[in-house]
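Here's the letter readout for the chains.
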Amino acid sequence: MAETATQEFVHNLRELPTTVKDACFRTGKLPESEREESQATFHNLFLHIHSVRVHLRSLSPTLTFGLGLIAAASFLITLITGVLLMVYYKPSTDLAYQSMKDIHFAVYTGRFIRNIHRWAAQVMVLVVLLHMARVFFTASYKKPREFNWLVGLGLLVLTLALSFTGYLLPWDQLAYWAITIGSNIANSPRELTDALGITQWFDPGGFQKRLLLGANYVGQDALIRFYVLHVFILPLALVTLMGIHFWRIRKDGGLAKPEDPPGGPAEWGGERRTVFQPLATKTYGLMALVKGKRPTVNRGPENTVMSWPHLFWAELAVFMLTVAITLVLAFYSDAPLKELANPAIPENPAKAPWYFLGLQELVSYSAFMGGLLIPVIVLVGLALIPFLDRRAGGEGVWFGTAGEKRVVWQSLIYSIAVTVGMLAFTVNYGWLRSWFPKIHQLWIIVINPGSLLVLAFAGWSLLMLKRRNSVRLAAVSLFTCFLVSFTLLTYFATVHRGPNWHFYWWPSQWPLH
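Thresholds applied
- Residues numbered from 1 in each chain as written.
- Predicted model: local features only at pLDDT ≥ 70, side-chain atom pairs only at ≥ 80, totals over all residues.
- Heavy atoms only, no water.
- Helix = DSSP H or I, 4+ residues; strand = E, 2+ residues; numbered from the N terminus.
- Buried < 20%, exposed > 50% of the residue type's maximum accessible area, 1.4 Å probe, protein only.
- Contact = heavy atoms within 4.5 Å.
- Areas by Shrake-Rupley, 256 points an atom, 1.4 Å probe, with all protein chains shown as cover.
- Salt bridge = Lys/Arg side-chain N within 4 Å of Asp/Glu carboxyl O.
- Core = buried A, V, L, I, M, F, W, Y, C linked by side-chain atoms within 4.5 Å.
- Axes fitted to C-alpha atoms, helices over the stretch in contact; angles between N-to-C directions.
- Parallel < 35°, antiparallel > 145°, perpendicular 65-115°, else oblique.
- Left-handed = near helix turned anticlockwise from the far one by under 90°.
- Nonpolar A, V, L, I, M, F, W, Y, C, P; charged D, E, K, R; others polar.
- Lys, Arg positive; Asp, Glu negative; His and termini not counted.
- Arc of directions from axis to C-beta.
- Phe/Tyr/Trp six-rings, centres within 6.5 Å; stacked < 30°, edge-to-face > 60°.
- Lys NZ or Arg CZ within 6 Å of the ring centre and 35° of its normal.
- pLDDT = per-residue confidence, 0-100.

Asker: I'd like to hear about the overall build of the protein chain, residue by residue, with values.
Answerer: Within the protein chain, the regular secondary structure consists of 20 helices and 6 strands. Buried residues in the protein chain amount to 44% of all 513 residues. Restricting the contact set of the protein chain to residue pairs at least 6 apart, pairs at least 24 apart contribute 74%. For the protein chain, the accessible area works out to roughly 28300 Å², and carbon and sulfur atoms hold 68% of it.

See below:
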């Protein structure tokens, strides 16, 4: 006897949890075989960017330290908390500071959410820098990963831009004068054009400053521009590049690693078994037979396990660790909020965010050289590395080239000696302007501590190239020098620079008035 419509409705209502689960998760249960584990990966919108199998080396904590995952997790935390803060924030010079005080003191958990947002952003900046260093020292930029190295550099620039644009939004003294320093760096080409007497005809510095601020001063136009950049344009660009970055990791054959001998063991049905020796020598596509082979051709599944659940558990663990670290930092350390921004009373010392303090130290000698030219030289040099160092070998291994560790230690000692020596000399004896008050500005631009550091490190790299007969070791020496110098300059500007940018052994020695 056929059931009535009422009985059918009641039956469907009882089965509702099961039918909804089956509709959402297709199989309706956890994977129980390699086939179902594969389907769980490439049938899911958020998981299909992973390969079905993952190499055991990629799961090794000491290979990557999860730095890329930590950066992605930090961005996600920043994004979520940023949306919550947008509910109460008002992007107006008249209302922004009061809205920050409301978030800090009146909104329930507002201070904690802001602390999480700030610390997640700080962690993201630091981890992205460390991730770049990890990729470099494991030679993970080599063919076929050259393009992804360029995408990573783009992500680094966008990360710094995101943190920089968010710095102005509180509209307090710290934010106002830090952004004033940044806008002056954007205006620094005038240092060169003024020296050449061509500013009235060619003024790229003034154009950059007006493009950044919307005016010649930090005001409402600057605040609304930074707000739009921070909450919409830069996050959209970052998400786009992140998608390309993750996609290229998969298309380039996963994380960089040495070649495996064929026929090794792999996980099948939860057990490690020996697999066949691959024999493929060509790539057959739907469109054509192409010369060469893709990263996955001529490789069996040796030394691999299923991405579900091994890789996903690892990613979840890294995400939970990132959340825990951010929560602890946010609980014990509040995001700063100083007095209302006052253009008439400059901060002394007025310091940029910590990730720009190394540049600010160089800017104190020459704004154009230290603030623009040297960063451009460094970025161009980093972008060229994969195309100059094309010899295969050492991929996916820390310091995998013969003699690389020794070169790193030698470059470490050399860069410390040169950087500390340069800082000690300038603190004790000043620089050209102190000795020759009427010296032409072009000499200041060309001959300053920043340009001399670049020349010293370039000379050291060329010496390594000649002695070691290796482009890779020359690149390692140069990268190490710049990394160490950036760290030392950041520390020096953070700790030892006080009012009027004078040297002090410790902030407690700053004058009270």
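Don't stop here, the text continues.
Asker: Requested: an account of the environment of Val 446, with residues and values cited.
Answerer: Considering the arrangement of structural elements, one finds Val 446 in helix α18 (residues 441–446). A sequence separation of 78 residues divides Val 446 from Phe 368, and the C-alpha atoms of the two residues are 9.9 Å apart.

Asker: So what about the pattern of salt bridges? Which residues, and what values?
Answerer: Applying the stated criterion across every chain, the model contains 7 salt bridges. Across the pair Glu 361 and Arg 497 runs a salt bridge whose closest N-O atoms are separated by 2.8 Å. One end of the pair, Glu 361, is in helix α14 (residues 357–363); the other, Arg 497, is in the segment after α20 (471–495), and 136 residues separate them in sequence. Arg 497 gets classed as buried once you look at its relative accessible area, which sits at 7%.

Asker: Describe the environment of Leu 488, listing the residues and the values that go with them.
Answerer: Note on placement: Leu 488 falls in helix α20. Taking the C-alpha atoms as reference, Leu 488 lies 9.7 Å from Leu 423; in sequence the two are 65 residues apart. With near-sequence residues (within four places) excluded, Leu 488 lies in contact with Ser 415, Ile 416, Thr 419 and Val 420.

Asker: Now, about the nonpolar core: what can you tell me, with residues and values included?
Answerer: Judged by nonpolar contacts, the single largest core of 75 residues is most densely connected at Phe 136, Trp 149, Leu 168, Trp 171, Val 218 and Leu 238. No other element matches the 12 residues that helix α7 (residues 110–137) contributes to this core. When neighbours within four sequence positions are excluded, Leu 238 is seen to be in contact with Phe 75, Met 124, Leu 155, Leu 158, Thr 159 and Leu 162. Among the nonpolar cores identified, the runner-up in size contains 10 residues, and Leu 423, Ile 445, Leu 489 and Phe 492 belong to it.

Asker: Got a sec to walk through the packing of helix α8 (residues 146–167) against helix α12 (residues 220–251)? Specific residues and values, please.
Answerer: The interhelical angle for the contact between α8 and α12, taken along N-to-C directions, is 160°, at an axis separation of 9 Å. When the axis of α8 is compared with that of α12, the two are roughly antiparallel. Here the hand of the crossing between α8 and α12 comes out left-handed. A per-class count over the contact of α8 with α12 returns 17 nonpolar, 8 polar and 1 charged.

Asker: Hey, could you go over the side chain of Glu 191 for me, with residue numbers and the actual values?
Answerer: Within the secondary structure, Glu 191 sits in helix α10 (residues 189–196). Buried charged residue Glu 191 carries no salt bridge. Nearest counter-charge: Arg 433, at 7.2 Å. Those residues in contact with Glu 191 that lie beyond four places of it in its chain are Ser 366, Ala 367, Phe 368, Gln 441 and Ile 445.

Asker: A description of helix α6 (residues 96–106) should follow, citing residues and the corresponding values.
Answerer: Listed as buried for α6 are Ala 96, Tyr 97, Ser 99, Met 100, Ile 103 and His 104. In a view along the axis of α6, the buried residues occupy a sector of 165°, so they form one face of it. More than 90 degrees from the buried face of α6, the exposed residues found are Phe 105 and Ala 106. Close packing links the buried residues of α6 with α5 (67–86), α7 and α12.

Asker: Give me the packing of aromatic side chains: which residues, what numbers.
Answerer: Counted by the stated rule, this structure contains 25 aromatic pairs. Taking 5.0 Å as the distance between ring centres and 70° as the angle between the ring planes, the aromatic pair formed by Tyr 355 and Phe 356 counts as edge-to-face. Ring geometry for Trp 398 versus Phe 399: centroids 5.8 Å apart, planes at 50°, classification tilted. Using a relative accessible area of 25% as the deciding quantity, one classes Phe 399 as partly exposed. In this structure an aromatic cluster arises from ring pairing among Phe 65, Phe 136, Phe 137, Tyr 141, Trp 149, Trp 398, Phe 399 and Phe 479. Above the plane of the ring of Trp 119 lies Arg 118, whose end atom (NZ or CZ) is 5.2 Å from the centre. Positioned above the aromatic ring of Phe 136, the side-chain terminus of Arg 472 is 4.9 Å from the ring centre.

Asker: Describe in detail unusual backbone geometry, supporting the description with residues and values.
Answerer: Cis geometry is adopted by the peptide bond preceding Pro 144, which originates at Lys 143 and carries an omega value of 10°. Secondary-structure assignment places Pro 144 in the loop between α7 and α8. Each neighbour pair has its own omega, and for Asn 348 with Pro 349 the value is 5°, a cis peptide bond. Note that Pro 349 resides in the loop between α13 (307–332) and α14. Of note in this structure, Asn 469 is not a glycine but carries a positive phi near 55°.

Asker: Please give an account of the confidence of the model for the protein chain that cites residues and values.
Answerer: Keep in mind that low pLDDT regions are not for reading the predicted coordinates in detail. Overall, the predicted model of the protein chain reaches an average pLDDT of 86, with 88% of residues at or above 70. Within the protein chain, strand β5 (residues 289–290) has the poorest average pLDDT of any element, 53, and α7 the best, 96.

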